[in-house]
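Coordinate inspection notes
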Amino acid sequence: MKMKVFKKICKVILAIILTIVLVGSLAAVIALNYKTVLASHKIKDVVNSAKTFDDIEISDSVKIVGVGEATHGSSEFQTLKLEMLKKLVEENGFTAFALEADFADCLEANEFIQGGEGNARDIVNNMSFKIYHTAEMARILDWMREYNLSVPKEKSLRFYGFDMQNPEKGVDFLKNYMEENGITGIDTTSLDYFVDEERTEQITKEDAEKIKAELSEIRKAVETKDVIAAKVTENIESTVDYVFAEGMDMYGYRDKAMADNVTWILEREKKVGSGKVMLAAHDGHISKAPHSSMMPTTMGHILKEKYGDEYYSLGTDFFKGKANISVLSITTEEYQRKDYYVTTADPIAYQAKYMKDKKFYLDFETISPETDKKVYDLVHSPVSMGTVGEGFTGIYYIYHSAYRTEMAPVDLYDGMIFYYQVHATVPQY
């Protein structure tokens, strides 16, 4: 009899413990995500002010459109690249697409869309950034190639990269170019050492001077023959300097180098195309101001100061969903990718839940404080938006600032496209 009573007491105690654990866990989840919970409500004024993708109108005076993505690893944002490119080409006469990827890394893609050999999926799978090893990126190349085959040569499109972090393809390109064009007698020992995957020693300043000397010699040999080859030498040289940037200066240096590359692309397009370029990059690069103190400046900020209203920054955000991201790990050096489920606390993005396509567009320049006061105040106030980079770890779920930014949308962008839910890309690597 006593044993039965004891068992009953144990069951009651166990039930109480389980209840406490469950309630405690639920409370912890709510505590960590209270901002997301508070953002989950309908705002009729936003719904009424929302525009569709087809409603996006870019002024003819705009020469550069920066299209951002809140995560590198969500399908919707990679699909948006092609949607926006088609719109800008067909409605605004844009003739160039430039990607957040190394300049030389995109030369093969450009050759393909001009009618070169190969297939789009193999080409994107060969890019240095694995975030682009996707079917969505391959579709961009296929569409550009098909478009070029359907128009006169003077209206053809070009594909560029404006980043400068991966010099390996650039060195290969230069060595092949010199061999094919009979340029001999130039030593590339230091360049080869710079991109040697087996290298274990840090590049010294003495090494850097030797690398720059070789690049200078190559540039003198090619600059009168091929502006692209000459640009490759300059891009590699900026990578060399990037190695020696320290702390916060590294972030600013990269964005300044990217902005310089965009200027070069724009000037070239004025000669060979329409002089209008679409950029595709992470939100953090196309934004008109830095997302955090970690970034002293952004490519978009530099472009906005230089070109004013000729630069249009189109940001993106989402309320919830998945992104395929590289895993940050202290236990293994093995490269891994994983689908992470993330949420923001953006009440504006939540409104996409009530839209037909679960997405909508806001043009901040047309929102009036007189007729759209609630929406105007909302976009001019700090909002917790997603800014998921290429690298994630579970501890970020506790430190939301690692993948969110709390700023007024109008301070970062000229307009935004909001999604209710996004889905992970499926890269091949």
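Higher on the page you've got the structure.
The structure contained in this document is the topic of the report that follows. Here the structure is a predicted model, which is why all the values come from computation and not from measurement.

**Side note on the overall build of the chain**
Assigned secondary structure in the chain consists of 17 helices and ten strands. Dimensions of the chain, computed from the C-alpha atoms along their principal axes, are close to 100 × 60 × 40 Å. Each of the 429 residues in the chain was classed as buried or not, and the buried ones make up 52%. When contacts within the chain are restricted to residue pairs at least 6 apart in sequence, those whose partners lie at least 24 apart make up 77%.

**Remarks on the layout of surface pockets**
Once rolled over the atoms, a probe with the size of a water molecule shows which space is left empty. In this structure, the largest pocket encloses a volume near 1200 Å³. Of all elements in the fold, only α1 (2-32), α2 (34-39), α12 (248-272), α13 (283-286) and β9 (404-407) reach the threshold of two or more residues within the lining of the largest pocket. Residue contributions to the lining of the largest pocket peak at four residues, all from α12. A breakdown of the residues in the lining of the largest pocket according to their chemical character gives 16 nonpolar, 18 polar and nine charged. Among the elements of the structure, α5 (107-113), β3 (158-163), α8 (168-180) and α12 are those that each provide at least two residues to the lining of the second largest pocket. Counted by class, the lining of the second largest pocket contains ten nonpolar, five polar and nine charged residues.

**What about the pairing of strand β4 (residues 277-282)?**
Most of β4 sits inside the fold, with six of its six residues counted as buried. The sheet contact formed by strand β2 (residues 96-102) and β4 spans four bridges and is parallel. Looking at β4, one finds that L99 is bridged to A280.

**Some points on the pattern of salt bridges**
Summed over the entire model, instances satisfying the criterion amount to 19 salt bridges. A salt bridge links K359 to E83, with the shortest nitrogen-to-oxygen separation between them at 3.4 Å. One end of the pair, K359, is in strand β7 (residues 359-363); the other, E83, is in helix α4 (residues 75-92), with 276 residues separating them in the sequence. Using a relative accessible area of 27% as the deciding quantity, one classes E83 as partly exposed. Among the charged side chains, a network of salt bridges with common partners joins E100, D163 and R254.

**Some words on the environment of G386**
Note on placement: G386 falls in strand β8 (residues 383-386). G386 sits in the buried class, given a relative accessible area of 3%. When the C-alpha positions of G386 and S74 are compared, they lie 12 Å apart, and in sequence the two are 312 residues distant.

**A closer look at the packing of aromatic side chains**
Inspection of the entire model under this criterion finds 17 aromatic pairs. Considering the side-chain rings of Y340 and F392, the 4.6 Å spacing of their centres and the 45 degrees angle between planes classify their relative orientation as tilted. With Y340 in strand β6 (residues 337-343) and F392 in the loop between β8 and β9, this residue pair connects regions lying 52 residues apart in the sequence. Across the pair, F392 and Y340 agree in class, each one buried. Grouping aromatic residues by their ring pairs yields a cluster made of Y340, F392, Y396, Y397 and Y403. Between K87 and the ring centre of F53, over which it is positioned, the NZ or CZ distance is 5.4 Å. The ring of Y335 has K130 sitting right over it, with the charged end atom 4.9 Å from the ring centre.

**Some remarks on α4**
Relative to the 26 Å expected for 18 residues at 1.5 Å per residue, α4 spans 25 Å between its end C-alpha atoms, a close match to the ideal helical length. Most of α4 is tucked away, with 13 of its 18 residues classed as buried. Where α4 ends, the next residue or the one after it, G93, has phi of about 75 degrees, a positive value.

**A closer look at unusual backbone geometry**
With a phi angle near 60 degrees, K358 is a residue other than glycine that sits in the positive phi range. Note that K358 resides in the loop between α15 (347-350) and β7. Residue classification places K358 among the partly exposed positions, given a relative accessible area of 40%.

**Here's the deal with the nonpolar core**
Residues F162, L279, M299, I348 and L362 are the most contacted members of the largest nonpolar core, which totals 70 residues. For this core, the element with the most residues is helix α11 (residues 227-243), which contributes six residues. With residues near it in sequence (within four places) discarded, M299 still touches F162, D255, M258, A259, V262, L279, H285 and I286. By size, the runner-up hydrophobic cluster in this structure holds 55 residues, among which are L82, F129, A323 and Y361.

**A closer look at the side chain of K81**
Topologically, K81 is positioned in helix α4. Overall, K81 belongs to the buried group, its relative accessible area being 2%. Beyond its immediate sequence surroundings of up to four residues, K81 is in contact with E69, F97, L99, M137, I140, M278 and A280.

What counts as what
- Residue numbering note: each chain is counted from 1, following its sequence as written.
- Local features in a predicted model are, by the rule used here, given only for residues with pLDDT of at least 70; side-chain atom pairs are given and counted only at 80 or more, and totals for whole chains, interfaces and linings are based on all residues.
- Working from all heavy atoms in the structure, the side-chain values ignore hydrogens and water.
- Numbering of helices and strands runs from the N terminus; a helix is a DSSP stretch of H or I covering at least four residues, while a strand is a stretch of E covering at least two.
- Note on exposure labels: buried denotes an accessible area under 20% of the residue type's maximum, exposed denotes more than 50%, and partly exposed covers the range between, all computed with a 1.4 Å probe on protein chains only.
- When checking whether two residues touch, look at their non-hydrogen atoms; a contact exists if any pair is within 4.5 Å.
- Whether a set of points on the 1 Å grid over the protein atoms alone is a cavity depends on a 1.4 Å probe fitting there but being unable to get out, while an open set qualifies as a pocket with protein on both sides within 12 Å along at least five of seven lines; lining residues are those with an atom within 4 Å of a point.
- Grid points are joined across faces, edges and corners, and a volume is the space filled by probe spheres set on the points.
- Under the grouping applied here, Gly and all other residues not named as nonpolar or charged are polar, the nonpolar ones being Ala, Val, Leu, Ile, Met, Phe, Trp, Tyr, Cys and Pro and the charged ones Asp, Glu, Lys and Arg.
- Being paired, for any two strands, means DSSP has found at least two bridges between them.
- Salt bridge, as used here, is a side-chain nitrogen of Lys or Arg placed within 4 Å of a carboxyl oxygen of Asp or Glu.
- Ring pairs shown here join Phe, Tyr and Trp side chains whose ring centres sit within 6.5 Å, with only the six-membered ring taken for Trp; geometry is labelled stacked below 30 degrees between planes, edge-to-face above 60, and tilted in between.
- Here, over-ring charges are defined by two tests on the NZ atom of lysine or the CZ atom of arginine: distance to the ring centre within 6 Å, and angle to the ring normal within 35 degrees.
- Any helix carries an expected span of 1.5 Å times its number of residues minus one.
- We define the nonpolar core as a collection of buried residues of types Ala, Val, Leu, Ile, Met, Phe, Trp, Tyr and Cys that are connected through side-chain atoms lying within 4.5 Å of one another.

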